[in-house]
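Results of the structural survey
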Amino acid sequence: MSNKIFLAGVTALLLSGAVVAETEDSSSSTWIGHYVGFTGGYSRGAADPTANAKANGYFITTDPGQLDPVASHDIKAGNVSGTVFWGVNRQLDNILYGVEIDLYLTDYNEPYRSGNITYLTQPAHTFEINSRVKSNIALSLRPRLGYITGDYLFYLSLGPVLRHFEYNFKFTDTFASEYADKSDEQWSLGWAAGLGFEQLLKGAWSLKVEYLYSSYDDIVDMESSLRTVPADGFKHSLEFKEQSFRVGFYRRF
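Residues numbered from 1 in each chain as written. Predicted model: local features only at pLDDT ≥ 70, side-chain atom pairs only at ≥ 80, totals over all residues. Heavy atoms only, no water.

Some points on the packing of aromatic side chains
With the rule as written, the count across this model stands at 18 aromatic pairs. Look at Tyr-35 and Tyr-250: their rings are 4.5 Å apart centre to centre, the planes differ by 40°, and that puts the pair in the tilted class. Highlighted residues: Tyr-35 in strand 1 (residues 33-54) and Tyr-250 in strand 10 (residues 233-252), separated in sequence by 215 residues. Tyr-250 matches Tyr-35 in its accessibility class, with the two residues each being buried. Ring geometry for Trp-191 against Tyr-213: centres 5.7 Å apart, planes inclined by 50°, an arrangement best described as tilted. Taken together, the positions of Trp-191 in strand 7 (residues 179-200) and Tyr-213 in strand 8 (residues 205-216) put the pair 22 residues apart, joining distant regions of the chain. An aromatic cluster of three or more residues is present, and its members are Tyr-58, Phe-59, Tyr-119, Phe-127, Phe-169, Phe-171, Phe-175 and Phe-234. Over the aromatic face of Tyr-155 sits the side chain of Arg-144, whose NZ or CZ is 4.4 Å from the ring centroid. One Lys or Arg, Lys-208, reaches over the ring of Phe-85 and ends 5.1 Å from the middle of that ring. (Phe/Tyr/Trp six-rings, centres within 6.5 Å; stacked < 30°, edge-to-face > 60°. Helix = DSSP H or I, 4+ residues; strand = E, 2+ residues; numbered from the N terminus. Buried < 20%, exposed > 50% of the residue type's maximum accessible area, 1.4 Å probe, protein only. Lys NZ or Arg CZ within 6 Å of the ring centre and 35° of its normal.)

And the structure:
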């Protein structure tokens, strides 16, 4: 799905929700109960791969000092995103507490290409490193705690999130036409913290605005070996951070 098509769909959903919220005749003044809704927004993801070269025959001892920073290059990108969610609220005077489950979809699929880089130890030859991190879906469960003032709610949320990742790495060079090629695919458990604002609209509808920060450590733990010298290659790990800004609507039941 392209960013433009995805953004158009999210925009249409938000506009339709706004129309429904404005035309609803009945009124509600309580936050208590179940609700379902959707948001659309913008997310900024930062993948932090680490790849350390192993020098056991093909690479010499000084090669990792040049290879590691290139192989461990950060991959950052912004993408549109969308979320559908279900939650339940309870209220004690002006204090709201509850839990929310959301299914999060985004379009993060970002490559890194080093281009041909001349070996410091072999100036007549070059190496190249290509990597890619992809992550399009996540599921989170976040308890919420907020403060109600009239038709407005300000809240904090914090909880676990399960997210799917794909990581691809490829090394090639011209010294001996050597290469290492490795991929991994994992569901990773992280955490997400949010700061949000909600407003009661007409009927059972509410407006939702939210900032969310999420973090994932130890996503992959793998090694990639050179084709002809298996003792040499790279040891890999991956971390990922993301900031999201979301706007949407939900309906209380």
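Quick word on the environment of Leu-96
Position of Leu-96 relative to the elements: it lies in strand 3 (residues 95-113). When the C-alpha positions of Leu-96 and Gly-146 are compared, they lie 4.9 Å apart, and in sequence the two are 50 residues distant. The contact partners of Leu-96, leaving out residues within four places of it in the chain, are Trp-31, Asn-89, Arg-90, Arg-144, Leu-145, Gly-146, Ile-148 and Leu-153. (Contact = heavy atoms within 4.5 Å.)

Re the pattern of salt bridges
The final tally for this structure, using the stated rule, is 13 salt bridges. The closest approach of N and O atoms between Glu-210 and Arg-246, which form a salt bridge, is 3.7 Å. Remark: Arg-246 occurs in strand 10 and Glu-210 occurs in strand 8; sequence separation between them is 36 residues. In this pair, the class of Glu-210 matches that of Arg-246, namely buried. (Salt bridge = Lys/Arg side-chain N within 4 Å of Asp/Glu carboxyl O.)

Details of a nonpolar patch on the surface
The grouping of Val-36, Val-84, Trp-86, Ile-101, Leu-103, Leu-105, Leu-139, Leu-141, Leu-162, Trp-187, Leu-189 and Phe-253 at the surface amounts to a nonpolar patch, some 1,100 Å² of accessible area in total. Going through the elements one at a time, strand 2 (75-92), strand 3, strand 5 (126-149) and strand 7 are the ones with two or more residues in the nonpolar patch. Of the residues forming the nonpolar patch, the biggest block, three residues, is contributed by strand 3. Within the fold, Phe-253 resides in the segment after strand 10. (Patch = residues over 30% accessible without salt bridge, like charges linked within 9 Å, V, L, I, M, F, W, Y side chains within 5 Å. Areas by Shrake-Rupley, 256 points an atom, 1.4 Å probe, with all protein chains shown as cover.)

Structural measurements only, silent on function.
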